[in-house]
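Architecture at a glance
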Amino acid sequence: MTINFKGYNYFPIIRTRQAELNGYAHLSSEAKNSLFPLITLGKWRNSEDCDKAIAKISECVGDRNFILDLTRDLQHQNQAVRSLLDPESDFKNWVDFVRSNDKVIPTVQFTPGAKGREVVRQALALERLGRPPVFRIRDFKNDLENTLNALYALENPESSLIFIDAAYIRDISTKNIKPGVLESILRTINTIVEEVPQVPRVLAGTSFPRSVIPSLNDGSEKSGKIEILENILYDEIGSDIVKYGDHVSIHSVVYDDEGGTFLPRLDVPSDGFWFFERRPKTKSEGYIDAARTLLNEHPDVGDSGSWGAQMLKNTVSREGNTINAPVTAIAVRVNLHINYQLNLLQEDKSIVEDDDWVL
Amino acid sequence: MNLDRIVSIISLLIGFSGVGLSIYLANPSSNANVVSLSGWLASAIITVILSVSAFKAIQVLQNQSSSAIEALQNEIVRAKDDSIKHQNDFISQQNDLVSYRNISAALSSMINPEPIKDTIRNKLASYMDNAKEQKDE
């Protein structure tokens, strides 16, 4: 199987959570064809196997290929995921799993405690299946070393893809990009192009915060905006060096306990910001007013023609499917975000059409 | 209605009956007996008024204490939320620390990223040139 990763501009990272997958599932076919998702497999609700999650992914992607990774977050793992992460016999469980799912483009697993030899042999086994291995670098030291060692051993490293996942890039106090992120990414890329310049690279990160409260407008408990920093980071590094990826407006850090009460909140991306409207002390009826305000203040969102935009309109008019719970609100945000990024990257592409995108 | 109230009312009725019976048996003809009777009646009325007001006061107290307990419960929930929030903040900070450790000399070096970007671009261009040359050959 040959995948031309260079033909795609957008590599969103999506987790196997209902809200995220629903947001992706409701994209148009055209949108789905112009991006290449990396899906992080975790437990699906309380299921102890991976069948339901894989079935849901297959339902969402249709007959398209997708990159599949395994979650490292303990809270999202179940017994089946832990078994797939097991490095025994050169990650036999994972290789067998990939073999039996023909649409999967696998990431090479860097399970903590796995030996370098096991990782390399895993990558070779995946390549022998005819699937281009994808390397997701989260730890800029150990993962990078494992990636390079495996790439040296591959027959066709140029078919692979390196995914540099910077995870959460916002500094909590300054609200800007964390100091050192740009530098560490550039150093990582520099090492990669020094050793394996033929391998395409994707840079992914997210700046969507866990809580929007610090981003409320002055004196307001209802409205606010959050600057989208992943685009700024990508622009700073340059589209000739990396491809764009992100976490589809999802906060990337998993916490021990996601406690607390949910209140109605909607977020829409526009002009480099996520604008949000929240309605404290209301229940599901709060979504109606929040949607109305967002559509009035950001008419471009309503005109986008996406499923997310239609859901906002339905919520205001109270017709058809409407937003009345956080899971739908997140799905709408994910859907709007992916469409927003696709448009943005399309605009960028038309501006730099004459530039060479160097492998 | 609880048992205490029933007992109180029965006691009161027995008291009234006792007074009535004693007046009937004494067959009062003097004003002293009338005065004595009115004293009894007055004390009975005061007892009823005091009992009713006591019951009312107990009810008010019960309402107040239940709202105080509710407020206390809300405070406990809020404190628990705060504790989770702080726990999550701590996890965020731990993550930041890991990131910082992963990035060597994060805060101290590379104020200007342009030189390393140029280096990367040069390496990529060099690779492209080599690949092109090999293709031509």
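Residues numbered from 1 in each chain as written. Chains lettered and ligands numbered in written order. Predicted model: local features only at pLDDT ≥ 70, side-chain atom pairs only at ≥ 80, totals over all residues. Heavy atoms only, no water.

**A few points about the overall build of chain A**
A tally of regular secondary structure across chain A gives 13 helices and 11 strands. Relative to the compact-globule value of 21 Å for 359 residues, chain A shows a C-alpha radius of gyration of 20 Å, a close match. Seen through its C-alpha atoms, chain A measures out along the principal axes to roughly 55 × 45 × 40 Å. Each of the 359 residues in chain A was classed as buried or not, and the buried ones make up 57%. Counted over contacts in chain A with a minimum sequence separation of 6, partners at least 24 positions apart contribute 75%. Split by element, the accessible area of chain A, about 15,100 Å² in all, is 45% carbon and sulfur. (Helix = DSSP H or I, 4+ residues; strand = E, 2+ residues; numbered from the N terminus. Rg over C-alpha atoms; globule rule 2.2 N^0.38 Å. Buried < 20%, exposed > 50% of the residue type's maximum accessible area, 1.4 Å probe, protein only. Contact = heavy atoms within 4.5 Å. Areas by Shrake-Rupley, 256 points an atom, 1.4 Å probe, with all protein chains shown as cover.)

**Examining the nonpolar core**
Residue and element names in this part refer to chain A. In this structure, Leu41, Ile57, Leu68, Trp94, Ile185, Ile189 and Ile237 are the most contacted members of the largest nonpolar core, which totals 73 residues. For this core, the element with the highest residue contribution is helix α8 (residues 181-195), accounting for seven residues. Ignoring anything within four residues of it in the chain, the contact list for Ile185 reads Phe140, Ala166, Leu203, Leu233 and Ile237. Counting residues in each nonpolar core, the second largest holds 16 residues, with Val268, Val301, Ala309 and Met311 among its members. (Core = buried A, V, L, I, M, F, W, Y, C linked by side-chain atoms within 4.5 Å.)

**As for the packing of aromatic side chains**
Residue and element names in this part refer to chain A. According to the stated counting rule, one finds 11 aromatic pairs over all chains in the structure shown. One aromatic cluster is present, formed by Phe5, Tyr8, Phe11, Phe36 and Phe163 through successive ring pairs. Note that Lys32 overlies the ring of Tyr24, its terminal NZ or CZ placed 5.3 Å from the centroid. It is Arg333 that lies over the ring of Phe208; its NZ or CZ is 4.0 Å from the centre. (Phe/Tyr/Trp six-rings, centres within 6.5 Å; stacked < 30°, edge-to-face > 60°. Lys NZ or Arg CZ within 6 Å of the ring centre and 35° of its normal.)

**Notes on the sheet that holds strand β2 (residues 38-41) of chain A**
All names here are of chain A. The parallel open sheet is built from eight strands, whose spatial order is β4-β3-β2-β1-β9-β7-β6-β5. The strands lining the two open edges of the sheet, one partner per strand, are β4 (104-106) and β5 (134-137). When strand polarity is set aside, the average angle formed by the axes of neighbouring strands in this sheet is 25°. With five bridges connecting them, strand β6 (residues 161-168) and strand β7 (residues 201-206) associate as parallel partners. Each bridged residue has a counterpart across the sheet, and for Tyr168 the counterpart in β7 is Thr206. Sheet contacts for helix α9 (residues 229-237): β7 and β9 (243-246); angle to β9, the most-contacted strand, approximately 160°. (Pairing = 2+ DSSP bridges. Axes fitted to C-alpha atoms, helices over the stretch in contact; angles between N-to-C directions.)

**Remarks on helix α7 (residues 142-153) of chain A**
All names here are of chain A. For α7, which comprises 12 residues, the first-to-last C-alpha distance of 17 Å matches the rise-based estimate of 16 Å (1.5 Å per residue) to within 8%. Three or more residues of α7 are buried, namely Asp143, Leu144, Asn146, Thr147, Leu148, Ala150 and Leu151. Where α7 is buried, its residues meet α6 (116-128), β5, β6 and α8. (Expected span 1.5 Å × (residues − 1).)

**What about unusual backbone geometry?**
Despite not being glycine, Ser249 of chain A has its phi angle at roughly 60°, a positive value. Tracing the backbone shows Ser249 of chain A in the loop between β9 and β10 (265-270).

**Considerations on empty space enclosed by the protein**
Unoccupied space between atoms shows up once a probe the size of one water molecule is rolled over them. Residues and elements named next belong to chain A. For the structure shown, the criterion picks out one cavity of 30 Å³ or more. Approximately 40 Å³ is the volume attributed to the largest cavity. Lining the largest cavity, in full, are Leu203, Ala204, Gly205, Glu230, Leu233, Tyr234, Tyr244 and Gly245. Put simply, the parts of the chain that give the lining of the largest cavity at least two residues each are β7, α9 and β9. The class makeup of the residues in the lining of the largest cavity is five nonpolar, two polar and one charged. (1 Å grid on protein atoms, 1.4 Å probe; cavity = no way out; pocket = protein on both sides within 12 Å on 5 of 7 lines; lining within 4 Å. Points joined across faces, edges and corners; volume = space filled by probe spheres on them. Nonpolar A, V, L, I, M, F, W, Y, C, P; charged D, E, K, R; others polar.)

**Section: the pattern of salt bridges**
All names here are of chain A. Per the stated rule, a full pass over the model turns up 23 salt bridges over all chains. Where Arg333 meets Asp267, a salt bridge forms, and the shortest distance between an N and an O atom there is 3.3 Å. Placement of Arg333 in helix α13 (residues 326-351) and of Asp267 in strand β10 is noted, with a sequence separation of 66 residues between them. Taken individually, Arg333 and Asp267 each receive the classification buried, so the pair is uniform in this respect. Each of the salt bridges in this network shares a partner with another, and the network as a whole consists of Asp69, Arg136, Arg138 and Asp165. (Salt bridge = Lys/Arg side-chain N within 4 Å of Asp/Glu carboxyl O.)

**What to know about the packing of α8 of chain A against α9 of chain A**
Two measures define how a pair of helices packs: the angle their axes make with one another and the distance between the axes. Residue and element names in this part refer to chain A. Interhelical geometry of α8 versus α9 gives an angle of 45° and a closest axis separation of 11 Å. If you check the angle between α8 and α9, you find them oblique. For the pair α8 and α9, the crossing hand works out as right-handed. Contacts between α8 and α9 involve Val181, Leu182, Ile185, Leu186 and Ile189 from the former and Leu233, Glu236 and Ile237 from the latter. Of the residues in the contact of α8 with α9, the class split is seven nonpolar, no polar and one charged. (Parallel < 35°, antiparallel > 145°, perpendicular 65-115°, else oblique. Left-handed = near helix turned anticlockwise from the far one by under 90°.)

**Some words on a nonpolar patch on the surface**
All names here are of chain B. A surface patch of nonpolar side chains, about 480 Å² in accessible area, is lined by Leu3, Ile6, Val7, Ile10 and Ile14. Note on placement: Ile10 falls in helix α1 (residues 3-26). For Ile10, a relative accessible area of 45% puts it in the partly exposed group. (Patch = residues over 30% accessible without salt bridge, like charges linked within 9 Å, V, L, I, M, F, W, Y side chains within 5 Å.)

**A short note on the packing of α8 of chain A against helix α3 (residues 114-136) of chain B**
Relative orientation of the contacting elements α8 of chain A and α3 of chain B amounts to 20°, with a least axis distance of 9 Å. It follows that α8 of chain A is roughly parallel to α3 of chain B by the angle criterion. In terms of crossing hand, the pair formed by α8 of chain A and α3 of chain B is left-handed. For the pair formed by α8 of chain A and α3 of chain B, the contact residues are Leu186, Arg187, Ile189, Asn190, Val193 and Glu194 of chain A on the first element and Ile116, Lys117, Thr119, Ile120, Lys123 and Leu124 of chain B on the second. Within the contact of α8 of chain A with α3 of chain B, the residues separate by chemical class into six nonpolar, two polar and four charged.

**As for the confidence of the model for chain B**
All names here are of chain B. Per-residue pLDDT for chain B averages 79, and the proportion of residues at 70 or more is 84%. Averaged over each element, pLDDT in chain B is lowest for α1 (78) and highest for α3 (89). This model gives residues 104-109 a pLDDT under 50, and the stretch forms six contacts once residues within four places in sequence are excluded. Listed scores for the predicted complex are pTM 0.76 and ipTM 0.85. (pLDDT = per-residue confidence, 0-100.)

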